[in-house]
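Examination of the molecular architecture
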Protein chains: 2
Amino acid sequence: MRAEIIFIGTELLLGQIMNSNAVFLGAELMSLGIDCYFQTVVGDNKDRIKQAFETALTRSDLIITTGGLGPTSDDLTTECLAEFFGEELVLDQAILEHIQNLFVKYNKKMAESNKKQALRPKTADVLFNSAGTAPGIIWQKSFQEKQKIILTFPGVPREVKTMWHEIAKPFLIDLLHKQSPNLERLYFKELRFYGIGESDLAEKVQDLLDKNDPTTAPLAGQDECRLRIATKAINQEIANQKIKEIELIINQRVGQFIYGINDESLESVVINKLKDKKQTISLAESCTGGLISKRLTDIAGSSACIGLNVITYSNESKINLLKVKPETLSSSGAVSEQTVLEMATGIINLAKTDWALAVSGVAGPSGEPIGKVFLALIKSDNSFREVKTLDLGFRSREEIRWKTSQEALAWILKTI
Amino acid sequence: MRAEIIFIGTELLLGQIMNSNAVFLGAELMSLGIDCYFQTVVGDNKDRIKQAFETALTRSDLIITTGGLGPTSDDLTTECLAEFFGEELVLDQAILEHIQNLFVKYNKKMAESNKKQALRPKTADVLFNSAGTAPGIIWQKSFQEKQKIILTFPGVPREVKTMWHEIAKPFLIDLLHKQSPNLERLYFKELRFYGIGESDLAEKVQDLLDKNDPTTAPLAGQDECRLRIATKAINQEIANQKIKEIELIINQRVGQFIYGINDESLESVVINKLKDKKQTISLAESCTGGLISKRLTDIAGSSACIGLNVITYSNESKINLLKVKPETLSSSGAVSEQTVLEMATGIINLAKTDWALAVSGVAGPSGEPIGKVFLALIKSDNSFREVKTLDLGFRSREEIRWKTSQEALAWILKTI
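Analysis parameters
Residues numbered from 1 in each chain as written. Chains lettered and ligands numbered in written order. Predicted model: local features only at pLDDT ≥ 70, side-chain atom pairs only at ≥ 80, totals over all residues. Heavy atoms only, no water. Helix = DSSP H or I, 4+ residues; strand = E, 2+ residues; numbered from the N terminus. Rg over C-alpha atoms; globule rule 2.2 N^0.38 Å. Contact = heavy atoms within 4.5 Å. Lys, Arg positive; Asp, Glu negative; His and termini not counted. Charge placed at Lys NZ, Arg CZ, Asp CG, Glu CD. Phe/Tyr/Trp six-rings, centres within 6.5 Å; stacked < 30°, edge-to-face > 60°. Lys NZ or Arg CZ within 6 Å of the ring centre and 35° of its normal. Salt bridge = Lys/Arg side-chain N within 4 Å of Asp/Glu carboxyl O. Polar contact = N/O pair within 3.5 Å; in protein donor to acceptor, adjacent residues only side chain to side chain. Nonpolar A, V, L, I, M, F, W, Y, C, P; charged D, E, K, R; others polar. Pairing = 2+ DSSP bridges. Axes fitted to C-alpha atoms, helices over the stretch in contact; angles between N-to-C directions. Parallel < 35°, antiparallel > 145°, perpendicular 65-115°, else oblique. Left-handed = near helix turned anticlockwise from the far one by under 90°. Least-squares fit on C-alpha atoms with pLDDT ≥ 70 in both. Domains from an automatic or database assignment. Core = buried A, V, L, I, M, F, W, Y, C linked by side-chain atoms within 4.5 Å. Buried < 20%, exposed > 50% of the residue type's maximum accessible area, 1.4 Å probe, protein only. 1 Å grid on protein atoms, 1.4 Å probe; cavity = no way out; pocket = protein on both sides within 12 Å on 5 of 7 lines; lining within 4 Å. Points joined across faces, edges and corners; volume = space filled by probe spheres on them.

Time to look at the overall build of chain A. Within chain A, the regular secondary structure consists of 15 helices and 17 strands. In terms of C-alpha radius of gyration, chain A reaches 27 Å, well past the compact-globule figure of 22 Å for 416 residues. Considered along the principal axes of its C-alpha atoms, chain A spans approximately 85 × 55 × 40 Å. A separation of at least 24 residues holds for 67% of the contacts in chain A among residues at least 6 apart in sequence. Placing the 49 positive and 53 negative side-chain charges of chain A at their respective mean positions leaves the two points 3 Å apart.

This is the structure we're talking about:
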């Protein structure tokens with residue numbers, strides 16, 4: 001089955017919003033083993049929407065659309081398809097009630113225009129939207145004597161995801177199985193790396209990148225990278241075996257740089273490791289301004305291992321709260337080895353945690369030398385007490401802060 | 001002039017990266033007053049790339065491409081266009097030297113494959129890339145007896161932006177002026193709102209949304225919204241006058257919800273207001289885990305008005321550091337009016353700032369009642385001392401934390 005996606009909405013053409021549905025739907029189609037060769041973005045214009053459908057239907061079997069299902073006169077998807085296929089639209093009582101109930105639930109008055117969202121073609125099924133008012137449609141039509149399927153989704157990413165998982169994905173899996181009972185699907189596993197660049201990593205596993213099954217592909221992230229191992233198989237078990245073989249080879253060569261798999265992040269693996277070891281940590285941040293704390297507390301359940309984090313931007317707060325010596329600040333400066341060590345000591349004494357991390361640096365755009373950062377990591381029993389220096393050159397403020405948080409989390413993970 | 005954009009790269013179809021070039025180029029074309037009716041995403045496949053060019057050339061005068069200019073065998077843009085137009089490719093010595101110099105500068109060995117990036121069609125100009133190795137090409141060709149322009153860019157967003165501003169934009173402005181000397185360009189101003197929903201806002205200015213010049217369009221953000229006023233004019237001065245009239249009307253009706261314009265954010269206007277008033281603030285965060293602090297310190301120069309921020313997740317840290325009374329925690333709980341007031345008092349005593357904000361709530365996914373958040377804002381001279389309660393219902397952990405940070409920043413802005 002060959003698919004393509006049409007994103008409908010002038011706001012996408014004008015660059016007013018990021019098309020995150022493209023990322024979600026692209027990855028989902030890939031994971032079902034459905035090839036997708038084109039994506040088209042088209043504005044809220046009847047002629048051009050129909051033109052996009054015509055082009056897509058001549059070369060693909062499955063068309064997925066997002067957008068154009070709202071209540072306003074700019075929302076044209078259903079109308080265009082009905083005209084294209086010469087279909088009559090009828091009011092669906094069940095959808096209308098669903099929409100009316102939503103308005104009652106949120107204590108809002110339903111506008112007359114919302115009724116439009118309850119229109120559906122006489123002979124097509126509804127793609128129910130449990131997350132919002134706009135339902136999609138499952139069109140199954142013949143075009144140029146071939147059977148075509150069109151699934152229409154609204155534009156809101158949260159609704160697209162819900163409808164995909166609840167209805168569209170099971171529908172497509174069922175269809176694929178009917179077409180070929182021994183259907184192979186794409187399974188994959190991502191290995192996440194920190195401390196090795198994308199090109200270095202690619203060089204170390206070049207032979208795997210050239211292999212066809214399983215395929216291995218490098219993916220770049222923000223100051224980290226991933227390897228995605230993918231294979232087609234009829235079930236998870238067979239896929240796992242094939243993926244396992246490649247994973248072993250990668251582990252042998254660059255295993256020391258792997259910090260996690262799939263959806264894991266540096267912050268989630270740090271929290272999980274602290275939880276496993278029943279240990280706690282506290283942070284004293286200066287230049288990162290709460291970013292490391294924010295990332296760690298993004299993880300649900302992090303409160304079990306985080307005692308107290310402080311952001312001591314000013315010298316006074318370093319002196320008064322963390323007991324950094326005024327002499328240290330005047331002789332070595334706020335961005336120095338001695339200062340971060342005293343900051344770490346100060347916060348561990350206050351928070352009584354097993355570990356403490358302190359960071360001080362120049363994130364810019366003012367100050368000198370921009371990109372110079374000191375990190376201290378200490379353990380309460382003094383069995384670990386080290387300082388790390390980063391020279392992050394002339395990156396932007398945002399990049400310096402992010403890279404510092406990456407280095408800090410990776411260091412904590414390796415040490416604890 | 002009618003434009004369209006072709007994004008070339010299989011990684012886009014597979015959902016492996018977000019297409020941020022679409023946002024940048026879409027907005028830039030709009031600001032030049034160039035209509036763009038279609039965007040197409042196509043993979044690294046010769047036949048399909050050529051097919052995309054054919055379709056685009058039949059309906060548009062200006063084609064912009066991103067991607068496919070790298071050194072690998074998957075990078076096919078220049079090759080496809082050369083074949084499409086029957087053009088011979090020649091090695092450009094100046095580009096080759098530029099690439100070689102970059103490798104010397106970064107102390108890396110240039111691969112043989114990089115030479116490919118110095119190929120250009122005999123009769124076309126180079127779109128120089130000062131930010132990377134891959135130059136683009138300015139193709140000016142005849143197709144179906146009409147003059148067409150194709151500008152090719154690499155895929156890296158930073159390089160696209162640099163090349164756009166340095167070369168492509170001036171080139172296009174020049175071209176537009178030649179086509180019509182009294183050329184009108186699109187000018188716009190965005191007003192940023194907090195505390196009013198998109199549909200409520202739209203209702204209040206419905207007559208403006210229906211107007212053609214200037215146009216006013218509502219844009220939704222994450223827990224905030226914007227109105228974009230846009231007009232075509234031959235210069236900024238005339239545009240400003242036309243925009244000003246609309247802005248005055250909006251100000252009269254919903255001015256109390258406007259917090260900033262264009263690129264401003266809640267955090268940037270808070271920092272600027274604190275700086276203007278030479279005042280300082282400190283924060284004690286619990287459920288937001290450093291997010292408010294992180295957002296405020298994202299702003300360069302924020303250190304002037306931020307003394308000390310603490311993240312007191314645990315009861316012990318609230319008691320020991322902020323002197324919250326153990327009785328308060330046991331009788332009212334950590335998430336209560338009394339606790340946030342004591343937290344705010346604790347941090348203002350420690351940090352000696354003019355203002356203090358404290359927040360405690362249940363971000364989930366565990367704990368009860370999820371979405372209940374208390375905020376306290378106090379002034380050191382006790383002239384302001386208030387508590388605000390939020391009921392954020394069953395949102396996700398991330399959404400609750402974000403919405404809380406929005407409410408906190410908007411409250412600070414309104415109060416100080």
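In the structure shown here, the tally under the stated rule is 14 aromatic pairs over all chains. Through successive ring pairs, a cluster of aromatic residues spans Phe-84, Phe-85, Trp-139 and Phe-143 of chain A. Geometry around Tyr-37 of chain B places Arg-48 of chain A over its ring, the cationic atom sitting 3.4 Å from the centre. The side chain of Arg-228 of chain B reaches across the aromatic face of Phe-188 of chain B, ending 4.4 Å from its centre.

At the interface, 55 residues of chain A touch 55 residues of chain B. Counting across the interface, chain A meets chain B through two salt bridges. Note that Asp-298 of chain B is salt-bridged to Arg-401 of chain A, the shortest N-O span being 2.8 Å. Inspection of the region where chain A meets chain B yields 28 residue pairs in polar contact (both at pLDDT 80 or more). Among the residues making up the side of chain A that touches chain B, the classes are represented as 26 nonpolar, 21 polar and eight charged. In this sheet, strand β14 (residues 306-312) of chain B lies alongside strand β14 (residues 306-312) of chain A in antiparallel orientation, the contact comprising five bridges. In the sheet register, Leu-308 of chain A faces β14 of chain B, and the bridge partner there is Thr-312 of chain B.

Further remarks concern the packing of helix α3 (residues 46-59) of chain B against helix α4 (residues 77-85) of chain B. Residues and elements named next belong to chain B. Put simply, α3 and α4 touch, their axes get as near as 10 Å, and they point 60° apart. The pairing of α3 with α4 is recorded here as oblique in orientation. Handedness of the α3/α4 crossing: right-handed. Residue-level contacts link Lys-46, Ile-49, Lys-50, Phe-53, Glu-54 and Leu-57 of α3 to Glu-79, Cys-80, Leu-81, Glu-83, Phe-84 and Phe-85 of α4. Along the lines of polarity and charge, the residues of the contact of α3 with α4 split into seven nonpolar, no polar and five charged.

Residue and element names in this part refer to chain A. Pairing within the open sheet is antiparallel, and its four strands lie in the order β10-β11-β9-β12. Each edge of the sheet is formed by a strand with only one pairing partner; in this case those strands are β10 (215-220) and β12 (258-261). The sheet shows a mean angle of 25° between the axes of neighbouring strands, taken without regard to direction. Alignment of strand β9 (residues 185-193) against strand β11 (residues 225-233), held across nine bridges, turns out to be antiparallel.

Moving on, we come to the relation of the copies chain A and chain B. In this arrangement, two copies of a chain are superimposed by a rotation about an axis accompanied by a shift along the axis. The transformation that overlays chain A on chain B combines an axial shift of 0.5 Å with a rotation of 180°, and the residual RMSD is 0.5 Å. Accordingly, the operation relating the two chain copies is best matched by a two-fold axis. If distances are taken from each C-alpha of chain A to the rotation axis, the shortest is found for Val-310 of chain A, at 1.9 Å. When you check the interface residues of chain A against chain B, 100% turn up at the interface there too, and the contact is symmetric in its surfaces.

Attention now goes to the domain arrangement of chain A. Domain assignment breaks chain A into domain 1 (2-179), domain 2 (185-261) and domain 3 (266-415). The C-alpha centroid of domain 3 of chain A is placed 48 Å from the C-alpha centroid of domain 1 of chain A.

Following Gly-364 of chain A, the chain continues to Pro-365 of chain A via a peptide bond in cis, the omega torsion being 5°. For Pro-365 of chain A, the location among the structural elements is in the loop between β15 (355-361) and β16 (372-379). Each neighbour pair has its own omega, and for Glu-368 of chain B with Pro-369 of chain B the value is -15°, a cis peptide bond. By the element assignment, Pro-369 of chain B lies in the loop between β15 (355-361) and β16 (372-379). Positive phi values are uncommon outside glycine, yet Asn-262 of chain B reaches one of about 45°. As for its placement among the helices and strands, Asn-262 of chain B is situated in the loop between β12 (258-261) and α10 (266-276). Positive phi is not limited to glycine here, since Lys-278 of chain B has a value of about 50°. With respect to the helices and strands, Lys-278 of chain B occurs in the loop between α10 and β13 (281-285).

The next subject is the nonpolar core. Counting 38 residues, the largest nonpolar core has Val-310 of chain A together with Val-310 and Leu-322 of chain B as the members making the most contacts within it. Secondary structure elements with two or more residues in this core: β14, α14 (337-351), β15 and β16 of chain A together with β14, α14 (337-351), β15 and β16 of chain B. Among all residues touching Val-310 of chain A, those that are not within four sequence positions of it are Leu-283, Ala-284, Glu-285, Leu-321, Leu-322 and Ile-347 of chain A together with Leu-308, Asn-309, Val-310 and Leu-321 of chain B.

This part covers the pairing of strand β2 (residues 35-42) of chain A. Here is the key point about a regular strand: its side chains alternate between the two faces of the sheet. Burial analysis of β2 of chain A places seven of its eight residues in the buried class, the great majority of the element. Across seven bridges, the pairing between strand β1 (residues 2-8) of chain A and β2 of chain A is parallel. In the sheet register, Phe-7 of chain A faces β2 of chain A, and the bridge partner there is Val-41 of chain A. Where β2 of chain A meets strand β2 (residues 35-42) of chain B, five bridges bridge the pair, whose relative direction is antiparallel. By the bridge assignment, Val-42 of chain A is partnered in β2 of chain B with Phe-38 of chain B.

Another point: empty space enclosed by the protein. The full count for this structure, using the stated rule, is two cavities of 30 Å³ or more. Its volume calculated, the largest cavity comes out at about 130 Å³. Along the wall of the largest cavity there are 17 residues; nearest its centre are Asn-19 and Ala-22 of chain A together with Asn-19, Ala-22 and Gln-39 of chain B. When contributions to the lining of the largest cavity are tallied by element, the ones reaching two or more residues are α2 (20-31) and β2 of chain A together with α2 (20-31) and β2 of chain B. Among the residues forming the lining of the largest cavity, the class breakdown is 13 nonpolar, four polar and no charged. Here the second largest cavity is characterised by a volume of approximately 110 Å³.

It is worth spelling out the environment of Gly-346 of chain B at this point. All names here are of chain B. Position of Gly-346 among the secondary structure elements: in helix α14. Residue Gly-346 is classed as buried on the basis of its relative accessible area of 8%. Considering only alpha carbons, one finds Gly-346 and Ile-319, 27 residues apart in sequence, at a separation of 9.3 Å.

Where charged atoms of side chains with opposite charge meet at close range, the side chains can pair. Residues and elements named next belong to chain B. Taken as a whole, this structure holds 48 salt bridges over all chains when the rule is applied. Its salt-bridge partner being Lys-141, residue Glu-87 comes within 2.8 Å of it at the nearest N-O pair. Note that Glu-87 is positioned in the loop between α4 and β4 (89-91) and Lys-141 in strand β7 (residues 136-143), a separation of 54 residues in sequence. Assessed through its relative accessible area of 15%, Glu-87 is described here as buried.

It is worth spelling out the side chain of Glu-407 of chain A at this point. Residues and elements named next belong to chain A. Turning to its location among the elements, Glu-407 is positioned in helix α15 (residues 397-415). Polar contacts involving the side chain of Glu-407 include one to the side chain of Tyr-194, which spans 3.1 Å. Here Glu-407 is in contact with Tyr-194, Leu-375, Lys-388 and Leu-390, once residues within four sequence places are set aside.

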